[in-house]
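Observations on the model geometry
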Amino acid sequence: MDPVWTTTVLLVPCVVVMTAGFFYLYGMIINLLSKTSVHNKVVVITDALSGLGRECAGVFHKGGARLILCGKGWEKLEELADDLANASDPTVTFPPKLVLLDFGDMDSLPEAIAEILDCYGCLDIVIFNSSIKVKAPAQSLSLEVDKLLMDNNYFGPITLAKGVLPSMISRRSGHLLLVNSIQGRLTVPFRTTYAASKHAVQAFFDCLRPEVEEYGISVSTINHTFISSSASATAAPPKSIWSLLYTKKPLGVSPDEAATEIVKTLNNKRREVVIAPSLPKVAIYTRSFFPNIFFGVMAAGVKNATTSGKM
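Residues numbered from 1 in each chain as written. Predicted model: local features only at pLDDT ≥ 70, side-chain atom pairs only at ≥ 80, totals over all residues. Heavy atoms only, no water.

Remarks on a nonpolar patch on the surface
Residues Tyr285, Phe289, Phe290, Ile293 and Val297 make up a contiguous nonpolar surface patch of about 570 Å² in total accessible area. Within the residue set of the nonpolar patch, elements represented by two or more residues are helix H8 (278–289) and helix H9 (291–310). Mapped onto the fold, Ile293 is located in helix H9. (Patch = residues over 30% accessible without salt bridge, like charges linked within 9 Å, V, L, I, M, F, W, Y side chains within 5 Å. Areas by Shrake-Rupley, 256 points an atom, 1.4 Å probe, with all protein chains shown as cover. Salt bridge = Lys/Arg side-chain N within 4 Å of Asp/Glu carboxyl O. Helix = DSSP H or I, 4+ residues; strand = E, 2+ residues; numbered from the N terminus.)

Observations concerning the sheet that holds strand E7 (residues 272–275)
Spatial strand order, E3-E2-E1-E4-E5-E6-E7: 7 strands in an open sheet with parallel pairing. The outermost strands of the open sheet, each flanked by one partner alone, are strand E3 (97–100) and E7. Averaged over all neighbouring strand pairs, the angle between strand axes comes to 15°, with direction disregarded. Summarising the sheet, strand E6 (residues 217–224) and E7 pair through 4 bridges and their orientation is parallel. Residue Thr221 lies in a different strand from E7, and its bridge partner there is Glu272. Contacts from helix H2 (residues 51–62) reach strand E1 (42–45), strand E2 (66–71), strand E4 (125–128) and strand E5 (174–181), with the element oriented near 165° to E1. Most of the contacts of helix H4 (residues 109–120) go to E3, to which it runs at about 170°, and overall it touches E1, E2 and E3. (Pairing = 2+ DSSP bridges. Axes fitted to C-alpha atoms, helices over the stretch in contact; angles between N-to-C directions. Contact = heavy atoms within 4.5 Å.)

Digging into the packing of H2 against helix H7 (residues 255–268)
Between H2 and H7, the least distance of the axes is 9 Å, while the angle of their chain directions is 55°. In terms of orientation, H2 lies oblique with respect to H7. By crossing handedness, the relation of H2 to H7 is classed as right-handed. For the pair H2 and H7, contact is made by Gly51, Leu52, Glu55, Cys56, Val59 and Phe60 and by Pro255, Asp256, Ala258, Ala259, Ile262, Val263 and Leu266, respectively. (Parallel < 35°, antiparallel > 145°, perpendicular 65-115°, else oblique. Left-handed = near helix turned anticlockwise from the far one by under 90°.)

Observations concerning the packing of aromatic side chains
One pass over the structure, following the stated rule, counts 3 aromatic pairs. Ring geometry for Phe128 against Phe205: centres 5.2 Å apart, planes inclined by 65°, an arrangement best described as edge-to-face. Residue Phe128 is located in strand E4, and its partner Phe205 is located in helix H6 (residues 192–212); the two are separated by 77 residues in the primary sequence. You can call Phe128 buried: its relative accessible area is 2%. (Phe/Tyr/Trp six-rings, centres within 6.5 Å; stacked < 30°, edge-to-face > 60°. Buried < 20%, exposed > 50% of the residue type's maximum accessible area, 1.4 Å probe, protein only.)

Given below as structure tokens:
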């Protein structure tokens, strides 16, 4: 028998076994990190009913966190709490607390914040993952829509952050984690108000970080392309140049990918994380160091999209 063929036959199973072993160990490490980073800690998820919120709720619940699940629908929150209870060992987990939270209703926030603080009397981690978005030409958006986006994506989250900070400062510990779009770092045409709200909330948490560091409070931001329930699905061909920023992972980042990154960020307390393929990351640096090139590409993308729409 050919020695090359013999070597290949022997090596392939070894590579397969080693690869499987690597992924098995990786899963064990992530599971261990989730338990060590949240065990016995009070964790607030501002939108537990989203795909990412549900994923985080499942990971943190199994990790022994004292969860405070927030959302706009009480019945759906109860269903989520029941699902978590049925999928876990009650002797090593805590039943989640439920709080109605709607960043679009600013008048209700003081009561919701008080309820969140009353659940356990303290907070360790707050995950800000609530968001709404809209895509449209700037001139077609009404002021009401602008305000709605700013309330949900900016004023709501910062109101909650301000509301829980005194408790964290008094305990000299805590972690605020903002899950934000990559459009908090760069802009894409036809997302004017959405990008503005994301830039605003990004700036708030970036400014807040050094303000509260002396109190032992960590502030992290995670910027992603966007969260999808099926990132492996096949996407349609890009219609414009600037849409290429999102074609490497066609339907964005899956909830489990984002949840894994959140767990790692909580554990190592990284200040900034970008979950994106290479091209969007290059775009961020191009915007900073070669703005004229960046703006030229964006303008060309709009022209290309307009031409394609007329064909």
